[in-house]
Amino acid sequence: MTKSELVDELARRAVPRGVELWIVPSMNPDGVAARRRGNARLVDLNRNFPHAWARMGRPGYWQYAGPSRASEPETRAMVAFVREIRPALGIWYHQDLSMISPGTGDEGSVRARYAALTGLPLVRITGGRYTGVAATWQRRAVPDGMAMVVELGPTLPAAEAVVHADAVMAVARMTRDLRG
């Protein structure tokens, strides 16, 4: 099972009062279809966002950042979308690491709550180079908002899709209440 089951579960849910839930089923449909991390041009879209972008790798390298910041149409579409809706909280789902990186302040509390509800460990990501990351860009683009990455495992059992959907609704209510 993959992230798509979580997307389907979220789409079936009633949204809490005072919350707008925007769902983007996949930012990388080409990569999903090809069962690879990169898009059709082999760019890792989570290394392609404009904030703190840096050259990294070449086409075929698993974290190839692309020829320039926001060079990819998928990245530009998400940049425009986020700038238009200015979300109070953005949750970016990735697969493989099974964790959430801790944060500080209200965002740290939201991350910790999501981790507690799902059983994912709250652990700092270390080692590696993280340029052009979507959530980092979003925090700069929407300074009064929050953004976090939830690293799912390589697969997501059906029961876990329900757990994660419950966590999304809980942190959506929490974010609404924090914003008063």
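The model shown is predicted, which means the values in this text are computed figures rather than measured ones.

**Side note on the environment of E151**
Now for step 1: You can see E151 is positioned in strand β3 (residues 146-152).
Now for step 2: Apart from residues no more than four positions distant in its own chain, E151 is found in contact with H94, Q95, D96, L97, S98, M99 and L120.

**Considerations on the sheet that holds β3**
Now for step 1: Strands sit in the order β1-β3-β2 across an open sheet of 3 strands; the sheet is mixed. Two strands lie at the open edges of the sheet, namely β1 (89-95) and β2 (99-100), each paired on one side alone.

**Some details on helix α5 (residues 134-141)**
Now for step 1: Along α5, the residues classified as buried are A134, A135, W137 and Q138. The arc enclosing the buried residues of α5, seen along the axis, measures out at 155 degrees, which places them on a common side.
Now for step 2: As for α5, its buried residues are in contact with α3 (73-85), β1 and β3.

**Looking at the packing of helix α4 (residues 105-118) against helix α6 (residues 158-179)**
Now for step 1: Close contact between α4 and α6 brings their axes to 9 Å; oriented N to C, the two are set at 155 degrees. In terms of axis orientation, α4 runs roughly antiparallel to α6. Considering the relative orientation of α4 and α6, their crossing is right-handed. Contacts between α4 and α6 involve D106, S109, V110, R113, Y114, L117 and T118 from the former and E160, V163, H164, A167, V168, A170, V171, M174, T175, L178 and R179 from the latter.
Now for step 2: Taken together, the residues of the contact of α4 with α6 sort by class into 10 nonpolar, 4 polar and 4 charged.

Calculation notes
Residues numbered from 1 in each chain as written. Predicted model: local features only at pLDDT ≥ 70, side-chain atom pairs only at ≥ 80, totals over all residues. Heavy atoms only, no water. Helix = DSSP H or I, 4+ residues; strand = E, 2+ residues; numbered from the N terminus. Contact = heavy atoms within 4.5 Å. Pairing = 2+ DSSP bridges. Buried < 20%, exposed > 50% of the residue type's maximum accessible area, 1.4 Å probe, protein only. Arc of directions from axis to C-beta. Axes fitted to C-alpha atoms, helices over the stretch in contact; angles between N-to-C directions. Parallel < 35°, antiparallel > 145°, perpendicular 65-115°, else oblique. Left-handed = near helix turned anticlockwise from the far one by under 90°. Nonpolar A, V, L, I, M, F, W, Y, C, P; charged D, E, K, R; others polar.

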